[in-house]
Amino acid sequence: MKYYEQFLKLGCFTWDELCGVVGNTSAADSLARSYLEKGYIQRVKRGLYVAVDLATGESVANKFRIACKITPTAYVSHHAAFEYYGFANQVSYQVETSSDTVFASFGYAGNTYTYFASRISDGIVVRADGVRVSDTERTVLDGIHDFEKNMGLEELLRCLELIPAVKEEKLLQYLAAYGKQVLYQKTGYILEHFKTAWSLSNGFFAACEGAIGKSKRYLYSTMVRDDMEYDRRWRLVVPHDLTKITDKGVDFDADI
């Protein structure tokens, strides 16, 4: 157990980090085989390992710390980021992980680590626990952009309801970095319902409206035809009553 304490401090570590601890690749290969057999470490995927708490037999690194070690540029995003911050309505066993480098989705310890392309570099922070994660405002926009791919509109709205406040200047910064008219449309429409709760200014919505262009789009692709209406301000086909998307109804602004 010569190196076990060092691996415990690392928590989750790559093959290169393992070699750095041991000193050379030949010795590292022998040690890795031995430690895997004895249960001191576990292989998450090829080239990625976690140290094991010998009292519980479980990884000392949680799913968020594992996610941001998958590639050098990986960070926790989307619903997993909402969950990390405590803003998720439900625990998920899919860990959305954004990265500049593509990786194949894989499973470990009951969780599936799913790749999302890192579309912009803004809004990524490293927390005190070492987790690299999108900040709240970036997570809001990623969630709006991709809710059809992972969490659905209902869960997105429930997550947004749990957020106490956002910084609108950051939202505008990240929207500009995205540079997508459709995201301005969807963001303006959805966040209009949180205008009072988040103290969003008229200027924020004017900026969104000024960037939407002339295209007409759907908020999402699976709306029921009999439950659609057209929102002229945002040039979006939307549900007739967004508040009915959730069972209990989100605490939306009543005047929208």
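You'll find the structure just up there.
The following paragraphs examine the structure supplied in this document. (Residues numbered from 1 in each chain as written. Predicted model: local features only at pLDDT ≥ 70, side-chain atom pairs only at ≥ 80, totals over all residues. Heavy atoms only, no water.)

Pairs can form between side chains of opposite charge once their charged atoms are near each other. Within the structure shown, the criterion is met by ten salt bridges. A salt bridge links Lys63 to Glu83; the shortest N-O distance between them is 2.8 Å. Taken together, the positions of Lys63 in helix α4 (residues 63-67) and Glu83 in helix α5 (residues 78-85) put the pair 20 residues apart, joining distant regions of the chain. Just as Lys63 is buried, Glu83 falls in that class too. Between Asp146 and Arg119 there is a salt bridge; the shortest N-O distance is 2.9 Å. Highlighted residues: Asp146 in helix α6 (residues 136-146) and Arg119 in the loop between β8 (111-117) and β9 (124-126), separated in sequence by 27 residues. The exposure class assigned to Asp146 is buried, which follows from its relative accessible area of 0%. Residue class for Arg119 comes out partly exposed when judged on its relative accessible area of 31%. (Salt bridge = Lys/Arg side-chain N within 4 Å of Asp/Glu carboxyl O. Helix = DSSP H or I, 4+ residues; strand = E, 2+ residues; numbered from the N terminus. Buried < 20%, exposed > 50% of the residue type's maximum accessible area, 1.4 Å probe, protein only.)

The next thing to look at is the pairing of strand β6 (residues 94-99). Of all six residues in β6, five are buried, a share of seventy percent or more. Of the strand pairs in this sheet, strand β5 (residues 75-76) and β6 are connected by two bridges, and their pairing is antiparallel. Looking at the pairing, Tyr75 lines up with Ser98 of β6. Note: β6 against β8, six bridges, orientation parallel. Opposite Thr97, over in β8, you have Tyr115 as the bridge partner. (Pairing = 2+ DSSP bridges.)

The next subject is the nonpolar core. Of all hydrophobic cores here, the largest spans 63 residues; its most connected members are Phe82, Leu153, Leu160, Ile190, Leu191 and Leu219. In this structure, Phe7, Phe13, Val21 and Ala28 belong to the second largest nonpolar core, which totals 16 residues. (Core = buried A, V, L, I, M, F, W, Y, C linked by side-chain atoms within 4.5 Å.)

Residues in a regular strand point their side chains to alternate faces of the sheet. The buried fraction of strand β3 (residues 48-53) amounts to five of the six residues, a majority that puts the element mostly inside the structure. Where strand β1 (residues 12-14) and β3 come together, three bridges link them in antiparallel fashion. Bridging across to β3, Phe13 finds its partner in Tyr49. In this sheet, β3 lies alongside strand β2 (residues 41-45) in antiparallel orientation, the contact comprising four bridges. Bridge assignment links Lys45 to a residue of β3, and that residue is Leu48. Counting the residues in the hairpin turn of β2 and β3 gives two residues, including Gly47, whose phi is positive at 85°.

Without other data, these values stay purely geometric and don't point to any function.
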